[in-house]
Amino acid sequence: MKLVVVESPAKAKTIEKYLGPGHRVLASYGHVRDLPAKDGSVDPDNGFEMEWEAYADKTRQLKAIADEAKNADVLILATDPDREGEAISWHVKEVLGKRRALPKTVQRVTFNAITKPAVTEAMANPRELDEDLIDAYRARRALDYLVGFTLSPVLWRKLPGAKSAGRVQSVALRLVVDREREIELFRPQEYWSITADMEHDGIPFIARLVRWKGQKIDRLTIGNGKDAGAAKADVEAGRFSVATVETKPLTRNPPPPFTTSTLQQEAARKLGFSASHTMRLAQALYEDGAITYMRTDGVQMDGSAITAARGAIANRYDASYVPDKPRQYTAKAKNAQEAHEAIRPTDFSRDRAGSGDHGRLYDLIFKRALASQMASARLERTTVDMTDGTGQHAIRATGQVVLFPGYLALYEEGRDDEADDESRRLPRMKEGDAPAKKKVNSEQHFTQPPPRFSEASLVKKMEELGIGRPSTYASILQTLKDREYVTVEKNRFQPSESGRLVTSFLERFFDRYVSYDYTAHLEESLDDVSGGRAGWQAVLEAFWKDFKPKTAEVMEQKPSEVTAALDEFLAPYLFPEKEDGSNPRQCPVCEAGRLSLRGGRFGAFIACSNYPDCKYTRRFAQAGAADAGADAGPVVLGTDPESGLEVSRRAGRFGPYIQLGDGKDAKRSSIPKDVGTDALDMDWALKLLSLPRLIGPHPETGEPITASIGRFGPYLAHNGKYARLASTAEVFETGMNAAVVKLAEAAAGGGRQRGKAEPLKQFGTSPVTNAEVKLMAGRFGPYVTDGETNATLPKTANPDEMTLETALELLAARAAKGPPAKGKKKAAPKKAAAPNKAAAEKKPAAKKAAAKA
């Protein structure tokens, strides 16, 4: 018997069907072990020896693989054809070896597509494990661990509020922060454009001023309204005739099929998908056999695929859309590696696969791959220059005509910028013609700052700089979001306060390790390991000999010294020069104190040196704004008539709030957004401090009904049940009758009504259970049931195309697996002995997981 190990159960099911009897295919469910999240998992003093630990949730799966391996003659490792796939195979082999369950014969096979021809051909041509790829994996994993578990504790101790740092994550964050700095330093410049609405032979078109008073006009030449008015008047007074007509043929070649990076970029532009969502969809399409492997830098397609694509083009269009020779592409990406095929459909006769987002992504992949082998588009660009009688003023009209669409008939690559005037249609004109001038326009503009990064543009920039690898971009961007180092507004990345502060800290104390050139050079070194041109331990040693002393040096500094250094480093951002020449560090409240950066329990802020006499503070993110985000101290609203304590409005880490009295036991309440600080008076303050409000006993249960404001907004509570309220005002206005109705409605709509759901589709009677086979909508997606067995539809399956036969196949496959295993109850943790002081000091580094780059 031959045991085949792959990553996913979907892949295992498909491959077992292709291989037939004599093969047992099991899934590892991804990586089976990793470096434990604790100090000492990588030992730099002992040749960077690594301590691996199996994932707790993979114990059962590893046992199943080991049990089957003991009875197998051959172990075939058929994980993905990249570095991570090679690593998974290596881990599985190592685990089986330690358990003495490793068969005598071990083979490694790879295939770029999960199709029967690709799988059977791979099985006929096995190879050994690629030690160079395994070494490259170990080097990357050790680097990520060493950076995370060495640098992150420095952040935790020296920069309160910081969460983690990562080898690539921190450099990607720097890109976002650097772009934000460019935007802040940008000073808009005024300019004016002069255009004329023209018409010839009944066809309207637009011409723009390109020469005025004999001078060539660039975009910024006309910089004020006075000059714009004069230029407009000259164009209005002039009679323009055609001086020259220039026509140039243009050829546009199709873009290559997708790589991992270009797929993420185009899916973001055209479909609005995040990089992580795109990769999840692509993974499912790959496992379903619809597309080739989706982690690749390669842009070339297999010869048989090119032939199939050319045939599909001829069938869809005509021979003129098929170029004379097949198109060959070469990778342009910096440090392109692991050059598999580009991402393409496995079958060019299949123009649809999956449904929903899966179907939309497949359609994008299909069209891009097919278009890459289509004929070039032929266009004609026309430029018409018109001058007035003096020859001092000239206007120009441009446009282009598609003579033959070629690949544009199927696909056009998305762009971040809008199309220009060149795509406009022009009437046919010749020298001497005098088009009619209908209207002259002058329009004021201002130069715009560089745009913030979108997912597409950030991925593109990282690839251009050689930072990270396309297969890791999705996880890097997700980590920045999860750590709250960036916020995403209108699909654009903006650094948060903590993200900006962490980047400043790393630039000040670890500049080399967040520099773009160094990070790209390190990637090249790791690629040398993959190619067998460098030893993985030598690469780690070269990194560690400088990195370790640097972290030790920073760790020895006091937090106050770190804050002082950051205060100086960030002075141009936090305290920019003022136009009136006054001191930017002067406190705007007491006018005697000096503003400086301070470190607090919840992060950095700006404060006055005269504290506590002057309580002026400003958020770190409010760069140079003397009043924005400032807190000059508590604002007294009045005195509580019942307690006699002072009621004040204050600013805190999570926004404005009100407080009754002082000290640890003082009562506090956040100020809801729909109330706001401007509308907050003493009456509102006392109302908010009085919460929760008792409405009264429920008429049926006798239990109290209360109204209050919680983490998710205003709500009603009764006997452990809740109902949302629409506004803060309703907290104080809702009466008993309305409260009972809202609680009843929430109870009726909140729970799942089992057994009452209507089927999406009915197929007929099951020959096994004699019950109706139905398609149902479930919590985790659509599924089919025969009354006894439930089978979830594959992610790429189209529910509308389901038949009784396919439903029965899914149910039979699910029934063969047996009932789902019941989760074992976890034993109560034993009470740990009180840790000593040394152990307590190590605890933070052991508990917090370092960020993966």
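Cut-offs and rules
- Residues numbered from 1 in each chain as written.
- Predicted model: local features only at pLDDT ≥ 70, side-chain atom pairs only at ≥ 80, totals over all residues.
- Heavy atoms only, no water.
- Helix = DSSP H or I, 4+ residues; strand = E, 2+ residues; numbered from the N terminus.
- Buried < 20%, exposed > 50% of the residue type's maximum accessible area, 1.4 Å probe, protein only.
- Contact = heavy atoms within 4.5 Å.
- Expected span 1.5 Å × (residues − 1).
- Patch = residues over 30% accessible without salt bridge, like charges linked within 9 Å, V, L, I, M, F, W, Y side chains within 5 Å.
- Areas by Shrake-Rupley, 256 points an atom, 1.4 Å probe, with all protein chains shown as cover.
- Salt bridge = Lys/Arg side-chain N within 4 Å of Asp/Glu carboxyl O.
- Lys, Arg positive; Asp, Glu negative; His and termini not counted.
- Charge placed at Lys NZ, Arg CZ, Asp CG, Glu CD.
- Polar contact = N/O pair within 3.5 Å; in protein donor to acceptor, adjacent residues only side chain to side chain.
- Pairing = 2+ DSSP bridges.
- Axes fitted to C-alpha atoms, helices over the stretch in contact; angles between N-to-C directions.
- pLDDT = per-residue confidence, 0-100.
- Parallel < 35°, antiparallel > 145°, perpendicular 65-115°, else oblique.
- Core = buried A, V, L, I, M, F, W, Y, C linked by side-chain atoms within 4.5 Å.
- Nonpolar A, V, L, I, M, F, W, Y, C, P; charged D, E, K, R; others polar.
- Phe/Tyr/Trp six-rings, centres within 6.5 Å; stacked < 30°, edge-to-face > 60°.

Student: I'm lost on the overall build of the protein in this one. Help?
Tutor: From N to C terminus, the protein includes 24 helices and 33 strands. Taken over 853 residues, the protein has a buried fraction of 45%. Across the protein, the fraction of contacts at a sequence separation of at least 24, relative to all contacts at a separation of at least 6, is 64%.

Student: What should I look at first to understand helix α16 (residues 536-555) in this one?
Tutor: In a regular helix each residue adds 1.5 Å, so 20 residues correspond to 28 Å; α16 covers 28 Å between its end C-alpha atoms and thus fits that length. Within α16 the residues assigned to the buried category are W536, V539, L540, F543, W544, F547, T551 and V554. Buried-residue contacts for α16 involve β5 (49-50), α5 (131-158), α14 (497-509) and α15 (516-530).

Student: How should I be thinking about a negative patch on the surface in this particular structure?
Tutor: Taken together, the side chains of E94, E128, E131 and D132 make up a negatively charged region of the molecular surface. Residue position: E94 is located in helix α3 (residues 83-98). The class of E94 is partly exposed, set by a relative accessible area of 31%.

Student: Sorry, what's going on with the side chain of E86 here?
Tutor: Looking at where E86 falls in the secondary structure, it is placed in helix α3. On the accessibility criterion, E86 (1% relative accessible area) is buried. Polar side-chain contacts of E86 include one of 3.0 Å to the side chain of R108. Ignoring anything within four residues of it in the chain, the contact list for E86 reads T79, D80, R108, R127, E128, L129, D130, L133 and I134.

Student: Please explain the sheet that holds strand β28 (residues 713-718) as it appears in this structure.
Tutor: Through backbone hydrogen bonds, the strands of a sheet pair up, either in parallel or in antiparallel fashion. Overall, antiparallel pairing links the four strands, which are arranged β26-β27-β28-β29 in an open sheet. Only two strands of the sheet have a single neighbouring strand rather than two, namely β26 (693-697) and β29 (721-724). Across the sheet, the mean angle from the axis of one strand to that of its neighbour is 25 degrees, orientation sign disregarded. Strand direction decides the pairing type here: β26 and strand β27 (residues 704-710), joined by four bridges, are antiparallel. Within β27, the residue paired with P697 across the bridge is P704.

Student: What is the right way to read the confidence of the model for the protein from this model?
Tutor: Detailed reading of the predicted coordinates is not advisable wherever pLDDT falls low. Predicted confidence across the protein gives a mean pLDDT of 85, with 89% of residues reaching 70 or more. Ranking the elements of the protein by mean pLDDT puts helix α24 (residues 837-847) last, at 40, and strand β7 (residues 74-77) first, at 96. In the model, residues 751-755 has pLDDT below 50 throughout and makes two contacts with residues more than four positions away in sequence or in other chains. Between residues 822-853, whose pLDDT stays under 50, and residues either more than four places distant or in other chains, the model counts 31 contacts.

Student: Would you mind going over the pattern of salt bridges with me for this structure?
Tutor: Where side chains of opposite charge bring their charged atoms close, a pairing between them can arise. Overall, the coordinates contain 39 salt bridges when judged by the stated rule. In this structure, E341 and R344 form a salt bridge, with 2.6 Å as the shortest nitrogen-oxygen distance. Of the two residues examined, E341 and R344, each falls in the buried class. Linked by salt bridges that have partners in common, R140, D144, R167, R469, E523 and D527 make up one network.

Student: Sorry, what's going on with the packing of α14 against helix α17 (residues 559-569) here?
Tutor: For any two helices packed against each other, one specifies the inter-axial angle together with the distance between the axes. Direction vectors running N to C along α14 and α17 enclose 95 degrees, while the axes themselves pass 10 Å from each other. What the angle tells us is that α14 and α17 run roughly perpendicular. From α14, L501, S504, F505, E507, R508 and F509 reach across to α17, where they touch V562, A565, L566 and F569.

Student: When you look at the sheet that holds strand β31 (residues 772-778) in this model, what are you seeing that I'm missing?
Tutor: The four strands lie next to each other as β30-β31-β32-β33, forming an open sheet whose pairing is antiparallel. Edge positions in the sheet fall to β30 (761-765) and β33 (790-792), since each has one partner strand and no second. Strand-to-strand twist of the sheet, defined as the mean angle between neighbouring strand axes without regard to direction, takes the value 25 degrees. The sheet contact formed by strand β32 (residues 781-785) and β33 spans three bridges and is antiparallel. The residue of β33 that forms the bridge with V784 is A791.

Student: Just checking my understanding: could you explain the nonpolar core for this structure?
Tutor: A general tendency of soluble globular proteins is for nonpolar side chains to be buried together. In this structure, F111, I291, F348, L361, M462 and F505 are the most contacted members of the largest nonpolar core, which totals 154 residues. Top contributing element to this core by residue count: α5, with 13 residues. The residues touching I291, leaving out its near neighbours within four places in the chain, are A282, L285, Y286, I343, R344, P345, T346, Y362 and I365. Core analysis: the second largest hydrophobic core is formed by 22 residues, I194, F240, V242 and V384 among them.

Student: How should the side chain of T551 be read in this particular structure?
Tutor: Relative to the assigned elements, T551 resides in helix α16. Owing to a relative accessible area of 3%, T551 belongs among the buried residues under this scheme. If near-sequence neighbours (up to four positions away) are discounted, T551 is found in contact with T150, V154 and F510.

Student: I keep staring at the environment of L175 and nothing clicks. Help me out?
Tutor: Inspection of the secondary structure puts L175 in helix α6 (residues 169-185). Sequence separation of L175 and P495 is 320 residues, and the distance between their C-alpha atoms is 9.8 Å. Residue contacts for L175: discarding those within four places in its chain leaves F453, L458, K461, M462, L465, I467 and Y516.

Student: What exactly am I supposed to notice about the environment of A72 here?
Tutor: When you line up the elements, A72 lands in the loop between α2 (59-70) and β7. Note: C-alpha distance between A72 and V4 (68 residues apart in sequence) is 9.7 Å. Excluding its chain neighbours within four sequence positions, the residues that come into contact with A72 are M1, L3 and P103.

Student: Help me out: how do you make sense of the packing of α5 against α15 in this one?
Tutor: Look at α5 against α15: their axes get within 7 Å of each other, and the N-to-C directions meet at 150 degrees. In terms of orientation, α5 lies roughly antiparallel with respect to α15. Contacts between α5 and α15 involve D132, L133, D135, A136, A139, R140 and L143 on the former and, on the latter, L522, E523, L526, D527, V529 and S530. Here the residues of the contact of α5 with α15 sort into seven nonpolar, one polar and five charged.

Student: Explanation requested: the pairing of β31 in the structure shown.
Tutor: Looking along a regular strand, one sees side chains alternate from face to face of the sheet. Judged from the four bridges that link them, β30 and β31 form a sheet pairing that is antiparallel. Bridging from a neighbouring strand, Q762 pairs with K774 of β31. The loop that links β30 with its antiparallel partner β31 comprises six residues; one of these, N770, has a positive phi angle of about 60 degrees. In the sheet, β31 pairs with β32 via five bridges, with the strands oriented antiparallel. Residue pairing across strands places K774 opposite T785, the latter belonging to β32.

Student: What should I look at first to understand the packing of aromatic side chains in this one?
Tutor: Any pair of aromatic rings gets described here by the distance separating the centres and the angle formed by the planes. Taken as a whole and judged by the stated rule, the model has 18 aromatic pairs. Centre to centre, the rings of F505 and F510 are 6.2 Å apart; their planes meet at 50 degrees, and the pair counts as tilted. Overall, F505 belongs to the buried group, its relative accessible area being 0%. For F510, a relative accessible area of 1% corresponds to the buried category. Between the aromatic rings of Y513 and F543, the centroid separation amounts to 5.7 Å while the plane-to-plane angle is 80 degrees, which identifies the pairing as edge-to-face. Here F543 lies in helix α16 and Y513 lies in the loop between α14 and α15, a separation of 30 residues in the sequence.

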